Amino acid sequence: MTVKRRTRQFDRGVNRHLFSRYRRHIRFGASAVYLSFGVFDYLYSPQSFALWFSLRVVWVAIVFLIFFLVSRFRALRKQMLVISCATLVLACWPIVYMIYQSGGHSSQYNTGLILCGVTGIQVFRLRQLSALVTLAVSFLPAVAVMFSNVDPKDLPIAFIQSGFLIGMIILSYVYGASEEQVDMTWQRFKRETNETLDRMHKTEILKSHFPKVIRDTFEKNPAMIMQRKIHPNAVVGFADIVASSKIANEVPLNVDWALKERFLEAATKRAIASEMVVLTHLGDGFLFLANYNESSQWYYNLIAFYEGIVSDFRQISMELFHNVEDFQTGVKFGVSSGPVMVGFLGSNQAYFTAIGPDVNLAARLCAVAEPNQIVVSSRVWHSICPLLLGWTFTQKTYEGMKGFNYKISATHISPRATIASGSKGMICQQCGSPMSLIKTNEGFLDYQCADGHRTPQIPQAS
């Protein structure tokens, strides 16, 4: 946050405080007390009571008139500091006149002047310089009155009375500095606390959407998180549970809830581990971006992510259902590539998503996928087909796909890990140990166990 912006925020806070004090404390508190002191006017100088009380009434009327104008005109509200200082000066000057009429240095109203000035400073909580100027303009005329027409023998009394007034001016300046420093320290603490909470909020959002390699970059340089940006060659995909509606209709609510909850948790962890960015969460799936950081390894991450999710979902289903085959369920994918706009949707940055024709296409491709199958558009297939040595695939053309008035070429891919039965994925046929997806020296994607055994080649289908 820039210094200028902090100053503007601080000034707005001061104006709001002054306006609040003027609206309540000055109009209905200080005004009533100010008028009630008319009782002392009468006891002290009955012959001057009518004039002095009239001055008090005029001040109260001015206070209400000023508030009426301030509440109607925004430009005046920006000048609340000047208005507050002027109101305090106007409250002190009638007392100065009373001091003049009641004997100057011998008047009993010197204490009343100090009380009026200091009370106003505390009510408005005027800052150091404002308090100094206000009390100086309020008290110095009284000092001049005390030395006007004073007898030489009364000079010590005049010096003492004026010394009290000048001392209050000095003290308000000295201690005003300490109070102002406390206010500034509190404002800084409040600002830093809000910034920390905002940073923690964004960090939690980042943890829910971004892999660590991208999240670390954003946290070191928060300015990189733009409200939105156009990704010219985005690889976007939908992951969805097959037959989710049938499952929801036939299993207890708590089982359906557990299935979707565990699936989304597992899928999110897999996506983040595969350096993908999770976008919109759905009830039984989610939208993801495979190359947010434009990584050249996105195709490897995509296949590894998909096969990991297939394995995870099968394991979750076997734990929740007595007979998984009754539902013919699984996970299906639709992936497309093209320009999309991606970013946080909403002022509180709580909804991270992407929009564009290829996002819609990925959803349509996901809809035509079979259980445990990934369907990719022609652009995606063109990028990954040289790497899928031994994978089973089928190419199809779709007409009349919802939202598209042209033919869509797509490729249905069945990764080899889904061929193996059970939930452990691909098993080495030579040693029986689990196999992992790797990128070979030749640039292909293949499976290899811990002993270095590779999978046998499976003929491709067209």
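The coordinates are above.
For the structure given in this document, a descriptive report is provided here.

**Structural notes on the pattern of salt bridges**
Applying the stated criterion to the full structure yields 7 salt bridges. Put simply, Asp154 and Lys153 hold a salt bridge, and the shortest N to O gap is 3.6 Å. Judged by its relative accessible area of 65%, Lys153 is exposed. As a salt-bridge pair, Glu319 and Arg262 come within 2.5 Å of each other at their nearest N and O atoms. With Glu319 in helix H12 (residues 298-320) and Arg262 in helix H11 (residues 253-273), the pair connects residues that are 57 residues apart, well separated along the chain. Owing to a relative accessible area of 29%, Arg262 belongs among the partly exposed residues under this scheme.

**Looking at the side chain of Asp41**
Tracing the backbone shows Asp41 in helix H2 (residues 38-44). For Asp41, a relative accessible area of 0% puts it in the buried group. Here Asp41 is in contact with Pro46, Phe49, Trp52, Phe53, Arg56, Met98 and Tyr109, once residues within four sequence places are set aside.

**Here we look at the nonpolar core**
Among the nonpolar cores identified, the biggest contains 42 residues, and Phe288, Phe333, Val335 and Ile413 are the most heavily contacted of them. If you list the elements that add at least two residues to this core, you get strand S1 (228-241), H11, strand S3 (285-289), H12, strand S4 (331-344), strand S6 (373-377) and helix H14 (378-384). A per-element tally of this core places H12 first, with 10 residues. When neighbours within four sequence positions are excluded, Val335 is seen to be in contact with Val235, Val236, Gly237, Phe288, Leu302, Ala362, Leu365, Ile374, Val375, Val376, Ser377 and Val380. Counting residues in hydrophobic clusters, the runner-up holds 40 residues, among them Phe19, Ile83, Leu113 and Ala136.

Rules behind the numbers
- All residue numbers here refer to positions counted from 1 along the written sequence of the relevant chain.
- At least 70 in pLDDT is required for a residue's local features to be given in this predicted model, at least 80 for side-chain atom pairs to be given and counted, and no such filter applies to totals for whole chains, interfaces and linings, which use all residues.
- The side-chain numbers reported here are obtained from all heavy atoms of the structure, hydrogens and water having been left aside.
- In the sections that follow, a salt bridge refers to a side-chain nitrogen of Lys or Arg positioned within 4 Å of a carboxyl oxygen of Asp or Glu.
- Each residue is assigned to one of three classes by its accessible area relative to the maximum for its type, calculated with a 1.4 Å probe on protein chains only: buried under 20%, partly exposed between the two thresholds, exposed over 50%.
- Counting from the N terminus, the helices are DSSP H or I runs at least four residues long and the strands are E runs at least two residues long.
- By definition, residues are in contact when any of their heavy atoms lie within 4.5 Å.
- Take the buried residues of types Ala, Val, Leu, Ile, Met, Phe, Trp, Tyr and Cys, join any two whose side-chain atoms come within 4.5 Å, and each joined set is a nonpolar core.

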